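# Structural overview
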Amino acid sequence: MTIDEVNNTIERIGTENSKMLNGLVARLEDIEKKVVRGGGDGGSDLGNSWGRQFTNTRAGELADLESSRGRTSLEVRAALTTSTADADGSAGGMSVPKRDQVLGMPKQRLLVRSLLNVVQVETGGSVEYAEQVGRTNNAAVTEEAQPKPESSLQYELKQVPLRVIAHYIKASRQALSDVPQLEGIIDSELRYGLALVEEQELLFGAGGQNLEGMVPQATAYADSLGLVDPTEIDTIGSAILQATLTDIQPDGIIMHPSDWWRMRMAKNADGEYILGSPMTTVQPSLFGLPVAVTPAMPVDKFLLGAFAEQTLYDRWTARVEVGFSGTDFTDNLVTVLGEERVGLATKRPDALIYGDFGNVT
């Protein structure tokens, strides 16, 4: 073989080896890219499985890459845990707890308004109504061609002032913006506060700048049956009679839960519950009249009578408004105001009977 032939052979072998080497390098570069991307377009398990199983391995720490078999080895330094310590494998800081609904304070059932006749008032700061205060009845049997007797009626104009019940809460604009449910909570709490005060005013308002409550105008209970050692149920029956004798039929009773349950648990001589078996649902009622069971009425007291004959005037129904007051704007605050404007006309005070059961001295 000549020298030229030897040189040509060496050059040919070098070219073939160069192509083989370039191909190997290209394959290595392709595998490395897939590792970095987490598996490549083909969804290979190579990158995905590593990413899911290990998060604390430093980037690029891949060793013993065997391109011919498409394998890599990976050093695992620590297993993942929910620990919040500053250590390898601690992933507890990534865990976000689920936030449940806000648990508010208990709210009292408000029932007195539902017993009354409610009238919406559109204008004015007071309400006037005419009340009949006199009746002269001269009706009589008359003979033919004789003059008929004359009767007369007397009315008096009464005026009911409308009073405002209100309160407010300060809140930051950031809090209202960042916590969507906070707005609903404030709205609900403000309305509940108004209704709670309204119920007390309807029952015990002392007049003046307050409402004219029903209890201060009611007729005191007086037993007309001569009951001896009466039970609570006996007392209610006697009070119903007292109200009925005013010619106005009573339609409801208000009492404290303690007094209702004392009656509900009363038993006869055979040990049977008088107001019904505890296995059945018994709607609070006595002698056919519904009982409004509410802590708004003090223990051992009751109010009974014709509640539909009394009128609650709604000038402003309960509402909640948001605005700026004082330095609110520059302080990034808002004032959330709840208010209502109402009036109460106790038109039949003689048909309301207020008394006690005699259990508290």
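Not measured: the values here are computed from a predicted model. (Residues numbered from 1 in each chain as written. Predicted model: local features only at pLDDT ≥ 70, side-chain atom pairs only at ≥ 80, totals over all residues. Heavy atoms only, no water.)

### Topic: unusual backbone geometry
This is how it is decided: Secondary structure follows DSSP: runs of H or I at least 4 residues long count as helices, runs of E at least 2 residues long count as strands, and numbering of each begins at the N terminus.
Residues other than glycine seldom take positive phi values, yet Asp247 does so here, at roughly 75°. The phi dihedral of Asp300 is positive, around 80°, even though this residue is not glycine. Along the polypeptide, Asp300 turns up in the loop between strand 10 (289–293) and strand 11 (301–305).

### A closer look at the packing of aromatic side chains
Here is the rule: Working definition: a ring pair exists when centres of Phe, Tyr or Trp rings (six-membered ring for Trp) sit within 6.5 Å. Plane angles under 30 degrees give stacked, over 60 give edge-to-face, the rest tilted. In this scheme, a residue with accessible area under 20% of its type's maximum is buried, one over 50% is exposed, and one in between is partly exposed, where area comes from a 1.4 Å probe on protein chains only.
Taken as a whole, this structure holds three aromatic pairs when the rule is applied. Where Tyr221 meets Phe302, the ring centres are 5.9 Å apart and the plane angle is 65°; that geometry is what we call edge-to-face. In this pair, Tyr221 is assigned in the loop between strand 7 (219–220) and helix 7 (232–244) and Phe302 in strand 11, connecting sequence segments 81 residues apart. Owing to a relative accessible area of 21%, Tyr221 belongs among the partly exposed residues under this scheme. Under the relative-accessibility criterion, Phe302 is labelled buried at 0%. Taking 5.1 Å as the distance between ring centres and 40° as the angle between the ring planes, the aromatic pair formed by Phe302 and Phe357 counts as tilted.

### Comments concerning the sheet that holds strand 12 (residues 311–323)
For clarity, the threshold we go by: Only when DSSP finds a minimum of two bridges between them are two strands counted as paired. Axes, fitted as lines to C-alpha atoms, cover a helix only where it is in contact. Angles between the N-to-C directions of the axes lie from 0 to 180 degrees. In this analysis, two residues are considered to be in contact whenever any of their non-hydrogen atoms come within 4.5 Å of each other.
Spatially, the four strands line up as an open sheet ordered 3-12-13-6, and their pairing is mixed. Both outer strands of the open sheet, strand 3 (117–120) and strand 6 (163–172), are each paired with one neighbouring strand and no more. The mean angle between the axes of side-by-side strands here comes to 25°, regardless of whether they run parallel or antiparallel. Bridging between strand 6 and strand 13 (residues 333–345) involves 10 bridges; their strand directions are antiparallel. In the strand pairing of strand 13, Arg163 is matched with Val342. Its contacts with the sheet put helix 5 (residues 180–204) on strand 6, strand 12 and strand 13, and the angle it makes with strand 6 is roughly 155°.

### Quick word on the confidence of the model for the protein chain
Rules: pLDDT is defined as a per-residue confidence score from the predictor, taking values between 0 and 100.
Residues at a pLDDT of 70 or more form 74% of the protein chain, whose mean pLDDT is 82. Between the elements of the protein chain, mean pLDDT differs from a low of 46, seen in strand 1 (residues 63–66), to a high of 97, seen in strand 8 (residues 252–255). Predicted confidence for residues 39–48 stays below pLDDT 50, and this span has 10 contacts to residues more than four positions away or in other chains. The model gives residues 50–68 a pLDDT under 50, and that stretch makes 35 contacts with residues more than four places away or in other chains.

### Considerations on the nonpolar core
The following threshold applies: Here, nonpolar core refers to any group of buried Ala, Val, Leu, Ile, Met, Phe, Trp, Tyr and Cys residues whose side-chain atoms link them within 4.5 Å.
The biggest cluster of nonpolar side chains holds 23 residues, and the ones touching the most others in it are Leu116, Leu202, Leu203, Met214, Ile254, Leu303 and Phe307. Those elements that place two or more of their residues in this core are helix 3 (112–115), helix 5, helix 6 (214–217), strand 13 and strand 14 (352–356). Top contributing element to this core by residue count: helix 5, with three residues. Contact partners of Leu116, with chain neighbours within four places excluded, come to Leu202, Met214, Phe307, Gln310, Leu312 and Leu344. Core analysis: the second largest hydrophobic core is formed by 17 residues, Ile233, Ile253, Met255 and Trp260 among them.

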